[in-house]
Amino acid sequence: MNNKEKFRGLCQEVLPLINGIAEAVKRNGYEAMASLTIDGDDYFAFSIHGSDWKMGKVNGGPVNMCYEFKEEIQLQDQRQEKMSYNKASENLVEISLVYASLQAGHEKLNDIDSIAWKQKFVDWANEFENQWQEGKDSDYLEDIEKFARHKILEYAGLEG
């Protein structure tokens, strides 16, 4: 028997079984793709796409149903989080702009390590966001500029 005819015979034999599996999957409320992998009597794996449950048999052992736990891992050099534009990031930008404008007139600002400044900027951005309240007499840009100027000069010992 040639390969084409041999495969046609297998298709005709397994098609009703495949249809039965597809009907069982739908009857049990699954709309996703199902996968079945087999290797003789010693191995099979059955799963539904999007489900963490699997069924399988390995090396002639018992048939097991198992739950697959997943946890994302990242290499150390991969970024853990991406910044998004929000009030805290807007505050951070505004504080950085105030710092840049103060640098020319205050050389002492350059004596402080940039890593220290970065951490302070983040702390101050969060602090400002937590304490600032919008009102009829408040202006966000003026308020954050005053806040940042005071914090920067105070931290550098230029304001008491």
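Residues numbered from 1 in each chain as written. Predicted model: local features only at pLDDT ≥ 70, side-chain atom pairs only at ≥ 80, totals over all residues. Heavy atoms only, no water.

Novice: Is there a simple way to think about the packing of aromatic side chains in this case?
Specialist: What characterises a pair of aromatic rings is the spacing of the ring centres plus the angle enclosed by the ring planes. Per the counting criterion, the structure on display carries 12 aromatic pairs. With 4.9 Å between their ring centres and 50 degrees between their planes, Tyr-99 and Trp-117 make a pair best called tilted. Of the two residues, Tyr-99 is situated in helix α2 (residues 87-103) and Trp-117 in helix α3 (residues 114-131); the sequence distance between them amounts to 18 residues. You can call Trp-117 buried: its relative accessible area is 3%. Ring geometry for Trp-117 versus Phe-121: centroids 5.8 Å apart, planes at 40 degrees, classification tilted. Taken together, the residues span about one helical turn, with Trp-117 and Phe-121 both in helix α3 at a distance of 4 residues. (Phe/Tyr/Trp six-rings, centres within 6.5 Å; stacked < 30°, edge-to-face > 60°. Helix = DSSP H or I, 4+ residues; strand = E, 2+ residues; numbered from the N terminus. Buried < 20%, exposed > 50% of the residue type's maximum accessible area, 1.4 Å probe, protein only.)

Novice: What should I look at first to understand the environment of Val-93 in this one?
Specialist: Looking at where Val-93 falls in the secondary structure, it is placed in helix α2. Residues Val-93 and Ile-21 lie 72 residues apart in sequence; the distance between their C-alpha atoms is 57 Å.

Novice: For this particular structure, what's the right way to read unusual backbone geometry?
Specialist: Negative phi values dominate among residues other than glycine, just as trans dominates among peptide bonds. One non-glycine residue, Asn-59, lies in positive phi territory at about 50 degrees. Note on placement: Asn-59 falls in the loop between β3 (53-57) and β4 (64-67).

Novice: Help me out: how do you make sense of the pairing of strand β1 (residues 34-39) in this one?
Specialist: The side chains of a regular strand alternate, first on one face of the sheet and then on the other. Where β1 meets strand β2 (residues 43-48), 6 bridges bridge the pair, whose relative direction is antiparallel. When the sheet's bridge partners are listed, Ile-38 is paired in β2 with Phe-44. Taken together, β1 and the strand that follows it, β2, pair antiparallel across an intervening segment of 3 residues, in which Gly-40 is found at a positive phi of about 60 degrees. (Pairing = 2+ DSSP bridges.)

Novice: What is the right way to read α2 from this model?
Specialist: If you check α2, its first and last C-alpha atoms are 24 Å apart, about what 17 residues at 1.5 Å a residue would give, namely 24 Å. Those residues of α2 that are buried are in contact with α3 and α4 (140-155). (Expected span 1.5 Å × (residues − 1). Contact = heavy atoms within 4.5 Å.)

Novice: Looking at this model, I keep getting lost on a nonpolar patch on the surface. Mind explaining?
Specialist: Where nonpolar side chains cluster on the molecular surface, the patch consists of Trp-53, Met-55, Val-63, Met-65, Tyr-67 and Phe-69 and spans about 700 Å² of accessible area. Contributions of two or more residues to the nonpolar patch are made by β3 and β4. Summarising the element assignment, Met-55 is placed in strand β3. (Patch = residues over 30% accessible without salt bridge, like charges linked within 9 Å, V, L, I, M, F, W, Y side chains within 5 Å. Areas by Shrake-Rupley, 256 points an atom, 1.4 Å probe, with all protein chains shown as cover. Salt bridge = Lys/Arg side-chain N within 4 Å of Asp/Glu carboxyl O.)

Novice: Help me understand the pattern of salt bridges, please; the structure alone is not making it clear to me.
Specialist: Opposite charge on two side chains permits pairing when their charged atoms draw close. Applying the stated criterion across every chain yields a total of 5 salt bridges. In this structure, the salt-bridge partner of Glu-5 is Arg-8, at a minimum N-O distance of 3.6 Å. Residue Glu-5 and its partner Arg-8 are located together in helix α1 (residues 3-27), separated by 3 residues, close to a single helical turn. Judged by relative accessible area, Glu-5 falls into the partly exposed class, the value being 36%. With a relative accessible area of 40%, Arg-8 lands in the partly exposed category. Linking Lys-54 and Glu-68 is a salt bridge whose minimum nitrogen-to-oxygen distance equals 3.8 Å. Of this pair, Lys-54 sits in strand β3 while Glu-68 sits in the loop between β4 and α2, and the two are 14 residues apart along the sequence. The partly exposed category is assigned to Lys-54, whose relative accessible area is 23%. A residue is classified by how much of its surface remains accessible, and Glu-68, at 33% relative accessible area, is partly exposed.

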